[in-house]
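Letter by letter, the chains look like this.
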Amino acid sequence: MSEKELFGFSEEEAKRVFEELKKYRYGVIKRVERKVKKVPPPLLHSLTSLQREANLKFGFSAKKTLDIAQKLYETYKVISYPRTESRYLATSNRPLVEEILKKLNREDLIPQVQKVGKRVFDDSKLTDHHAIIPLEPAQNLPPDEAKIYDLILKRFLAVFYPPYVYESIKILTEVGKKYLFLTRLTRTLSPGWKEIYGETSKGKGDIPDLKEGEKVKKDSQKLEKKQTQPPPRYTEGTLLKAMEKLGLGTPATRAAIIETLKQRRYITKKGKVLIPTQKGKELIEKLSPSKVSSPEMTAEWEKKLEEINLKRLGYKGYLRFLEGIKGFTKSEVERFKETTFEVSEEFKNTSRGKRKYRTRRGRRKR
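Residues numbered from 1 in each chain as written. Predicted model: local features only at pLDDT ≥ 70, side-chain atom pairs only at ≥ 80, totals over all residues. Heavy atoms only, no water.

A.B. asks: I tried to follow the pattern of salt bridges on my own but got confused; where do I start?
C.D. replies: Side chains bearing opposite charge may pair, as long as their charged atoms lie close to each other. Under the counting rule described, the total for this entry stands at 26 salt bridges. A salt bridge links Glu33 to Arg31; the nearest nitrogen and oxygen atoms lie 3.2 Å apart. Exposure remark for Arg31: the relative accessible area of 40% places this residue in the partly exposed category. Between Glu167 and Arg34 there is a salt bridge whose closest N-O contact spans 3.5 Å. Highlighted residues: Glu167 in strand S2 (residues 164–175) and Arg34 in strand S1 (residues 26–39), separated in sequence by 133 residues. What makes Glu167 buried here is its relative accessible area of 9%. (Salt bridge = Lys/Arg side-chain N within 4 Å of Asp/Glu carboxyl O. Buried < 20%, exposed > 50% of the residue type's maximum accessible area, 1.4 Å probe, protein only. Helix = DSSP H or I, 4+ residues; strand = E, 2+ residues; numbered from the N terminus.)

A.B. asks: Explanation requested: helix H4 (residues 62–74) in the structure shown.
C.D. replies: Since the α-helix turns once every 3.6 residues, residues separated by three or four places project in the same direction. For H4, spanning 13 residues, the distance from its first C-alpha to its last is 18 Å, which sits close to the expected 18 Å at 1.5 Å a residue. Along H4, the residues that are buried comprise Ala62, Thr65, Leu66, Ile68, Ala69, Gln70 and Leu72. In this fold, the buried residues of H4 make contact with helix H3 (47–58), helix H7 (143–158), helix H8 (236–246) and helix H9 (254–263). (Expected span 1.5 Å × (residues − 1). Contact = heavy atoms within 4.5 Å.)

A.B. asks: Which parts of the structure should I look at to understand H8?
C.D. replies: Among the residues of H8, Glu236, Gly237, Leu239, Leu240, Ala242 and Met243 are the ones counted as buried. On its buried face, H8 is in contact with H3, H4, H9, strand S5 (267–270) and strand S6 (273–276). Count one or two residues on from H8 and you reach Gly247, which has phi positive near 75°.

A.B. asks: Where do I start with the environment of Tyr76 in this structure?
C.D. replies: As for its position among the elements, Tyr76 is in the loop between H4 and helix H5 (94–103). In sequence terms Tyr76 and Gln139 are 63 residues apart; their C-alpha atoms lie 10.0 Å from each other.

A.B. asks: Quick question: what am I supposed to make of the sheet that holds S1 here?
C.D. replies: Within a sheet, adjacent strands bond to each other through the backbone by hydrogen bonds, running parallel or antiparallel. Reading across the sheet, the four strands line up as S3-S2-S1-S4 and stay open at both edges, with antiparallel pairing between neighbours. Each edge of the open sheet is held by one strand with a lone partner, namely strand S3 (179–190) and strand S4 (215–217). Within this sheet the neighbouring strands show an average axis-to-axis angle of 40°, counted without direction. Each of S2 and S3 touches helix H2 (residues 11–21); the most contacted strand, S3, lies at about 75° to it. (Pairing = 2+ DSSP bridges. Axes fitted to C-alpha atoms, helices over the stretch in contact; angles between N-to-C directions.)

A.B. asks: Help me understand the side chain of Asn93 in this model?
C.D. replies: Tracing the chain through its elements places Asn93 in the loop between H4 and H5. Residue contacts for Asn93: discarding those within four places in its chain leaves Phe121 and His130.

A.B. asks: Can you walk me through the packing of aromatic side chains in this structure?
C.D. replies: One pair of aromatic rings is described through two measures. These are the centre distance and the angle between the planes. For the structure on display, the rule yields seven aromatic pairs. With a centroid separation of 6.1 Å and an interplanar angle of 90°, the aromatic rings of Trp193 and Tyr197 are classed as edge-to-face. Taking the relative accessible area as the measure of exposure, Trp193 reaches 11% and is therefore buried. Arranged with centres 5.7 Å apart and planes meeting at 85°, the rings of Trp301 and Phe328 form a pair that is edge-to-face. Taken together, the residues Trp301 in helix H11 (residues 295–310) and Phe328 in helix H12 (residues 314–337) connect sequence positions 27 residues apart. Positioned over the ring face of Phe121 is Arg94, at 4.3 Å from the centre of the ring. Seen from the ring of Tyr26, Lys215 lies directly overhead, with NZ or CZ sitting 4.5 Å from the centre. (Phe/Tyr/Trp six-rings, centres within 6.5 Å; stacked < 30°, edge-to-face > 60°. Lys NZ or Arg CZ within 6 Å of the ring centre and 35° of its normal.)

A.B. asks: What am I meant to see in the confidence of the model for the chain here?
C.D. replies: Low-pLDDT portions of the prediction should not be read for the details of their coordinates. Counting all residues, the mean pLDDT for the chain is 87, and 88% of those residues have values of 70 or more. The model gives residues 1–6 a pLDDT under 50, and that stretch makes eight contacts with residues more than four places away or in other chains. Low pLDDT, under 50, characterises residues 361–366; the stretch is placed with zero contacts to residues that sit more than four places away or in other chains. (pLDDT = per-residue confidence, 0-100.)

A.B. asks: How do you make sense of the nonpolar core when you look at a structure like this?
C.D. replies: Nonpolar side chains in soluble globular proteins tend to be buried together. Among the nonpolar cores identified, the biggest contains 50 residues, and Ile148, Phe156 and Phe160 are the most heavily contacted of them. Put simply, the parts of the chain that give this core at least two residues each are H3, H4, H5, helix H6 (110–113), H7, S2, H8 and H9. The biggest single contributor to this core is H7, with eight residues. For Ile148, the contacting residues outside a window of four places in its chain are Leu50, Ala54, Phe60, Thr65, Ile68 and Leu72. Core analysis: the next-biggest nonpolar cluster, separate from the first, contains six residues, Ile29, Ile169, Ile171 and Leu210 among them. (Core = buried A, V, L, I, M, F, W, Y, C linked by side-chain atoms within 4.5 Å.)

A.B. asks: I tried to follow a nonpolar patch on the surface on my own but got confused; where do I start?
C.D. replies: On the surface, Tyr315, Tyr318 and Leu319 cluster together into a nonpolar patch covering about 320 Å² of accessible area. If you trace the backbone, Tyr318 turns up in helix H12. Using a relative accessible area of 35% as the deciding quantity, one classes Tyr318 as partly exposed. (Patch = residues over 30% accessible without salt bridge, like charges linked within 9 Å, V, L, I, M, F, W, Y side chains within 5 Å. Areas by Shrake-Rupley, 256 points an atom, 1.4 Å probe, with all protein chains shown as cover.)

A.B. asks: It is not clear to me how the environment of Gln221 should be interpreted in this structure. Could you clarify?
C.D. replies: Its location among the elements puts Gln221 in the loop between S4 and H8. Residue class for Gln221 comes out partly exposed when judged on its relative accessible area of 25%. For the pair formed by Gln221 and Lys22, sequence separation is 199 residues and the distance between their alpha carbons is 7.9 Å. Leave out the neighbours within four places in its chain, and Gln221 touches Phe18, Leu21 and Lys22.

Now the structure itself:
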């Protein structure tokens, strides 16, 4: 496939068009499309969504966020139970929510408690515990604890605010009766719940009220050369999202899984991103023929375990599940015995690797 087929213009053609456009000082508005859109408030926090937001805003690891949230719950007693995967409250929680809003001096939001629907109160989407919410006002918290409490507090208040309303504007401008340029703009009409996060409305004068057929002046033009970028590496926040989507672990265990990968040097952290080590790459390479390295297999086991509870399969269902695991493990062990593994130099240089090889050499001498 040629460069032109991929990107529309070759570099030479782009330069030619750029030079041609220099002749024109004005363009004509051919079409203006305006749409008013509404964005509802985000859902209440589960542990995973809290960890993701803390990682994005503060660079906190999943474990650090979990530890802080646990301290806010156990020591300071200012939030509800944090190890939850639910993002909803029970309908019976409405009186509790009204009481909390009074404590937070936000009586103005109390009328909304009875008005909001299943985006907040939905019994069908509850798990063992409801979403994380503040229970008391918090003062004089240490800096990191204050940051996590603030995320929980703002999310709790935001769900009782109106939607964020904005205008989406698409403008097609013709230059030289030959070239069309697309401009996309947005204008805030009502900040709604974004007001909680300090985002204010833009004035209506920021964007001119353009009409079709109107002549507009070109201020400047430039030619840019860019390259497509590979998909970004995982951060702890995006990895948590992927784990949640695949059903890997639970809100209470996902942070520990990531920490274990770091401690065993399968991954390392550089800035905010997670990078696989050579040891981690070799492990996956050696295990790749097996389902052991498949996220889908782990998610399948998690689903079967959950079905034992939901379908009331009881002890017999558990035994059947266990026998399946044993059979799989036995067959995989036998297969791995027939595989020759080359140990990486990175592992040989770790303290564990050195002990292992020193012991082997000692046994051979004896």
